[in-house]
Amino acid sequence: MLDSKRTILIVALLTVVGLAGASVARAEDGAELWGKNCAMCHGKDAKGDTKVGQAMKIVNLTDPAIHAKIDKARVTKAIKEGVKNEAAGGKDMKPLAAGKLDDAQIAALADWVVALKP
Ligand code: HEC
């Protein structure tokens, strides 16, 4: 009896530790994926403050005005289908996901971008 209670306790503890570990890993994934796939244009801090970013007229993704417009669905769509640049003389963002990022990676990236909300 005592043994089975102890087993349940251990399983419960391992589950909690496992879940905490998984969510940390997911947060890191978003930042890591951003660094590999997005930072060269948007900048590591997503402010668009890179040479490429300035040339393409990329918006500052940490700006509250942007976060009023974007959500997870819109960022997902941006990665999958690309973005039409609204600034005069700006360049569009090409669909980047094709054959490169899977749905889990896209979701992690979208969460990361949404979490930039000031
Ligand atoms: C080749 C350069 C380039 C790369 C790489 C790039 N982007 Fe973009 N991104 C742009 C441009 C250009 C725009 C359009 C101008 C704007 O709205 O900032 C844009 C716009 C966006 C927007 C604004 C969408 C909206 O609805 O207004 C989001 C979000 C975004 N990119 C996310 C990402 C993510 C996530 C990645 C990595 C998977 C990425 N971008 C990689 C150039 C790039």
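Right above here is the structure, for reference.
Now for a look at the structure at hand. (Residues numbered from 1 in each chain as written. Predicted model: local features only at pLDDT ≥ 70, side-chain atom pairs only at ≥ 80, totals over all residues. Heavy atoms only, no water.)

**Focus: the coordination of the iron atom of the ligand**
(1) Moving on: Each protein donor to the iron atom of the ligand is listed here as His-42 (NE2) and Met-93 (SD); together their distances run 2.0 Å.
(2) Moving on: Relative to the metal, the six donor atoms surrounding the iron atom of the ligand lie at angles of 87 to 178 degrees, and the coordination shape comes out octahedral. Pair noted here: His-42 is in helix α2 (residues 39–42) and Met-93 is in the loop between α5 (72–81) and α6 (103–114), with a separation of 51 residues, a long-range link.
(3) Moving on: Its relative accessible area of 12% is what places His-42 among the buried residues.
(4) Moving on: With relative accessibility at 24%, the residue Met-93 sits in the partly exposed group. (Donors = N, O, S within 2.8 Å, 3.2 Å for Na, K, Ca; no water. Tetrahedral: all angles 85-135°; square planar, octahedral: opposite > 155°, others 65-115°. Helix = DSSP H or I, 4+ residues; strand = E, 2+ residues; numbered from the N terminus. Buried < 20%, exposed > 50% of the residue type's maximum accessible area, 1.4 Å probe, protein only.)

**Focus: the pattern of salt bridges**
(1) Moving on: Per the counting criterion, the structure on display carries six salt bridges.
(2) Moving on: Glu-32 serves as the salt-bridge partner of Lys-36, at 3.3 Å between the closest nitrogen and oxygen. Taken as a pair, Lys-36 and Glu-32 lie in helix α1 (residues 2–37) at a separation of four residues, close to a single helical turn.
(3) Moving on: The shortest N-O distance in the salt bridge between Lys-69 and Glu-86 comes to 3.5 Å. In this pair, Lys-69 is assigned in the loop between α4 (64–67) and α5 and Glu-86 in the loop between α5 and α6, connecting sequence segments 17 residues apart.
(4) Moving on: Residue classification places Lys-69 among the partly exposed residues on the basis of a relative accessible area of 43%. (Salt bridge = Lys/Arg side-chain N within 4 Å of Asp/Glu carboxyl O.)

**Focus: the site of the ligand**
(1) Moving on: With respect to spatial proximity, 21 residues lie near the ligand, and among them Cys-38, Cys-41, His-42, Arg-74 and Met-93 are the closest.
(2) Moving on: Residue His-42 places a side-chain N or O atom 2.8 Å away from a nitrogen atom belonging to the ligand.
(3) Moving on: Measuring from an oxygen atom of the ligand, one finds a backbone N or O atom of Val-59 at 2.7 Å.
(4) Moving on: Those elements that provide at least two residues to the shell around the ligand are α1, α2 and α5.
(5) Moving on: Per element, the largest residue contribution to the shell around the ligand is three residues, and it comes from α5.
(6) Moving on: Its residues placed into classes, the shell around the ligand shows 14 nonpolar, three polar and four charged. (Near = heavy atom within 4 Å. Polar contact = N/O pair within 3.5 Å; in protein donor to acceptor, adjacent residues only side chain to side chain. Nonpolar A, V, L, I, M, F, W, Y, C, P; charged D, E, K, R; others polar.)

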